[in-house]
Amino acid sequence: MRKLKWIALAAAVMMTITALPVTALAKKKDSTEDKTLSKVTLNEVAHSIFYAPQYVAIEEGYFEEEGLDLTLVTGFGADKTMTAVISGEADIGFMGAEASIYTYQEGATDPVMNFAQLTQRAGNFLVARKEMPDFTWDDLKGKKVLGGRKGGMPEMVFEYILKNNGLDPETDLTIDQSIDFGSTAAAFTGDTSADFTVEFEPSATLLEQERTGYVVASLGTDSGYVPYTSYSAKASFLEDHPKTIQKFTNALQKGMDYVSTHSPEEIATVIAPQFPETDLATVTAIVTRYYQQDTWKDNLIFNEESFQLLQDILQDAGELSWRTEYTDLVTTSFAQKAAS
């Protein structure tokens, strides 16, 4: 059960966090020395081109401009990222806001507050074994799909789309939710029992390049505008370090501004150092795909309508104990100031 898994989060706080720390490298745009910068640790749920504005902010030196020495850590899952935030291993978490709702409803005394929203569409794609130019969601009837973790945004958005298209996720198709995050593409190529897989980038594009899979639908397009990922920190950290959070949000907003005023080719060139294992042409193709579906917001303000839509999706998926008040888990003051 999802609830038991998230209750286990508290116990995991005292355990070693499985994460890959990477000091964020950025161009120095002034003569400010590192010793004058305030250190801040960000734990991201995954390292993905989907989060391009964040990497633009790193590579263009916007965090340094704001007086921050940013350390970036990849948590490989919202549960691990949330654990890092709760334990104090990370100052700021970047993940789906549903994680903050789960922990809050399970009795968190120092709630993790969302203060900035980055993406406004889902970032994954439905991949088939063959090209299907006339694909409709009805084509999934009777098929097996490699899906996402139960209770996570990828799976809930997928099921949300299915229901909106008249499909019952329980009876009309088979969804395999047993495969770890990031391993579905390998499973799809290694075991032909599944007809479709739901993939983030770069896996979706790499499957196409290998001719072992073909993108037939964008979950981001078909689900509409959804508050997919946001930045959060413990309420106590926000209260004790408001200047740090404001500087962090200002730097992110600069990244958002860059993305909204530059071409996919320019964005890809800037963030390419963050993805040394991926060639520039592939990075550009992925950025273009996200750019064309209006993935990123113009600002970082996490409005109430988006928060309520998120709870609608959680409730529809049977993952919500009760509806949480918007102001209990969201603050917009930092994003509003950054956007002004």
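In this text, all values refer to a predicted model and were calculated from it rather than measured experimentally. Residue positions are counted from 1 within each chain, in the order its sequence is given. Selection of residues for local features in this predicted model requires a pLDDT of at least 70, selection of side-chain atom pairs for listing and counting requires 80 or more, and totals for whole chains, interfaces and linings are taken over all residues. Only hydrogens and water are set aside; all other atoms, that is, all heavy atoms of the structure, feed into the side-chain values.

**Topic: the nonpolar core**
- Buried Ala, Val, Leu, Ile, Met, Phe, Trp, Tyr and Cys residues form a nonpolar core when they are joined through side-chain atoms within 4.5 Å. A 1.4 Å probe rolled over the protein chains alone gives each residue an accessible area, and that area as a share of the maximum for its type sets the label: buried under 20%, exposed over 50%, partly exposed in between. Judged by nonpolar contacts, the single largest core of 102 residues is most densely connected at Leu-126, Trp-137, Leu-140 and Phe-158.
- The contact criterion used is simple: two residues touch if any of their non-hydrogen atoms lie within 4.5 Å. Setting aside anything within four residues of it in sequence, one finds Leu-140 in contact with Leu-126, Phe-135, Val-145, Phe-158, Leu-162, Leu-167, Asp-172, Leu-173 and Phe-196.

**What about the packing of aromatic side chains?**
- Centres within 6.5 Å make a pair out of two Phe, Tyr or Trp rings, where for Trp the six-membered ring is used; the pair is then stacked when the planes are under 30 degrees apart, edge-to-face when over 60, and tilted otherwise. Throughout the structure, instances matching the rule amount to 19 aromatic pairs.
- On the basis of an interplanar angle of 80° and a centroid distance of 4.6 Å, the ring pair of Tyr-51 and Phe-94 is categorised as edge-to-face. Taken together, the positions of Tyr-51 in the loop between strand E2 (38-44) and helix H2 (52-59) and Phe-94 in strand E4 (residues 92-95) put the pair 43 residues apart, joining distant regions of the chain.
- On the basis of relative accessibility, which here comes to 4%, the residue Tyr-51 falls in the buried class.
- Ring geometry for Tyr-231 versus Phe-248: centroids 5.5 Å apart, planes at 70°, classification edge-to-face. Taken together, the residues Tyr-231 in strand E11 (residues 229-234) and Phe-248 in helix H11 (residues 242-261) connect sequence positions 17 residues apart.
- Taking the relative accessible area as the measure of exposure, Tyr-231 reaches 0% and is therefore buried.
- For Phe-248, a relative accessible area of 0% gives the class buried.
- It is Arg-121 that lies over the ring of Tyr-225; its NZ or CZ is 4.0 Å from the centre.
- One cation-aromatic arrangement involves Arg-289 over Phe-125; the distance from NZ or CZ to the ring centre is 5.3 Å. Going along the chain from the N terminus, every DSSP run of H or I of four or more residues is numbered as a helix, and every run of E of two or more is numbered as a strand. Ring-over charges, as used throughout, are those where CZ of Arg or NZ of Lys falls within 6 Å of the ring centre and within 35 degrees of the ring normal.

**Quick notes on the packing of helix H5 (residues 98-105) against helix H14 (residues 304-316)**
- All axes are obtained by fitting lines to C-alpha atoms, using only the stretch in contact for helices, and the reported angles, taken between N-to-C directions, cover 0 to 180 degrees. Remark: H5 packs on H14, axes separated minimally by 11 Å, with the N-to-C direction vectors making an angle of 70°. One finds that H5 runs roughly perpendicular with respect to H14. Contact with H5, carried on its side by Glu-98, Ile-101 and Tyr-102, involves Phe-307, Leu-310, Gln-311 and Leu-314 of H14 and no other residues of that element. Should an angle fall under 35 degrees it is taken as roughly parallel, and over 145 as roughly antiparallel, whereas 65 to 115 is taken as roughly perpendicular and any remaining angle as oblique.

**Comments concerning helix H13 (residues 280-292)**
- Working rule for helices: expected span equals 1.5 Å times residues minus one. Spanning 13 residues, H13 covers 18 Å between terminal C-alpha atoms, matching the ideal 18 Å at 1.5 Å per step.
- For H13, the set of buried residues is Thr-282, Val-283, Thr-284, Ile-286, Val-287, Thr-288 and Tyr-290.
- Considering only its buried residues, H13 is in contact with strand E6 (124-128), strand E9 (196-200), helix H8 (203-209) and helix H12 (264-271).
- For the purposes of these results, a polar contact is taken to be a pair of N or O atoms within 3.5 Å, where, inside protein, one atom must be able to donate a hydrogen and its partner to accept one; residues adjacent in sequence count only when each atom of the pair is a side-chain atom. With a side-chain oxygen positioned 3.1 Å from the backbone nitrogen of Ala-281, the residue opening H13 is Asp-279.
- Residue Asp-294 follows H13 closely and has a positive phi angle near 60°.

**Some thoughts on unusual backbone geometry**
- Cis peptide bonds are those with omega within 30 degrees of zero, and the linkage from Glu-201 to Pro-202 qualifies with 10°.
- Examined against the element boundaries, Pro-202 turns out to sit in the loop between E9 and H8.
- For Phe-76, which is not a glycine, the phi torsion comes out positive at approximately 60°.
- By the element assignment, Phe-76 lies in the loop between strand E3 (68-74) and helix H4 (78-87).
- Taking the relative accessible area as the measure of exposure, Phe-76 reaches 42% and is therefore partly exposed.
- Unlike most non-glycine residues, Arg-211 shows phi in positive territory, near 60°.
- On the secondary structure map, Arg-211 appears in the loop between H8 and strand E10 (214-218).

**Digging into the pairing of E10**
- Among the 5 residues in E10, 4 count as buried, and that is most of the element.
- In this structure, E6 lies alongside E10, joined through 4 bridges in antiparallel fashion. Within the sheet, the bridge partner assigned to Phe-125 lies in E10 and is Ser-218. We call two strands paired when DSSP finds no fewer than two bridges between them.

**Looking at helix H6 (residues 153-164)**
- The first and last C-alpha atoms of H6 sit 16 Å apart over 12 residues, in line with the 16 Å expected at 1.5 Å per residue.
- With 9 of its 12 residues buried, H6 lies for the most part within the structure.
- Among the residues making up H6, those that are buried are Met-153, Glu-155, Met-156, Val-157, Phe-158, Glu-159, Tyr-160, Ile-161 and Leu-162.
- Gly-166 occupies a position one or two residues after H6 and carries a positive phi of about 80°.

**Let's talk about the confidence of the model for the protein chain**
- Note on scores: pLDDT gives the predictor's confidence for each residue, bounded by 0 and 100. Scored by pLDDT, the protein chain comes out at a mean of 89, with 89% of its residues at no less than 70.
- Note on residues 1-20: pLDDT under 50 across the span, and 42 contacts to partners over four residues away in sequence or across chains.
- In the predicted structure, residues 28-34 sits below a pLDDT of 50 and forms 8 contacts with residues beyond four places in sequence or in another chain.

**Digging into the side chain of Thr-205**
- For Thr-205, the location among the structural elements is in helix H8.
- A relative accessible area of 7% places Thr-205 in the buried class.
- Apart from residues no more than four positions distant in its own chain, Thr-205 is found in contact with Thr-282, Ile-286 and Arg-289.

**Let's talk about the sheet that holds E9**
- If you trace the 5 strands from one edge of the open sheet to the other, you get E8-E7-E9-E6-E10, paired in mixed fashion. Unpaired on one side and paired on the other, strand E8 (174-176) and E10 mark the two borders of the sheet. For this sheet, the mean inter-axis angle between neighbouring strands, taken without regard to orientation, is 30°.
- Strand direction decides the pairing type here: E6 and E9, joined by 5 bridges, are antiparallel. Counted as the bridge partner of Ala-128 is Phe-196 from E9.

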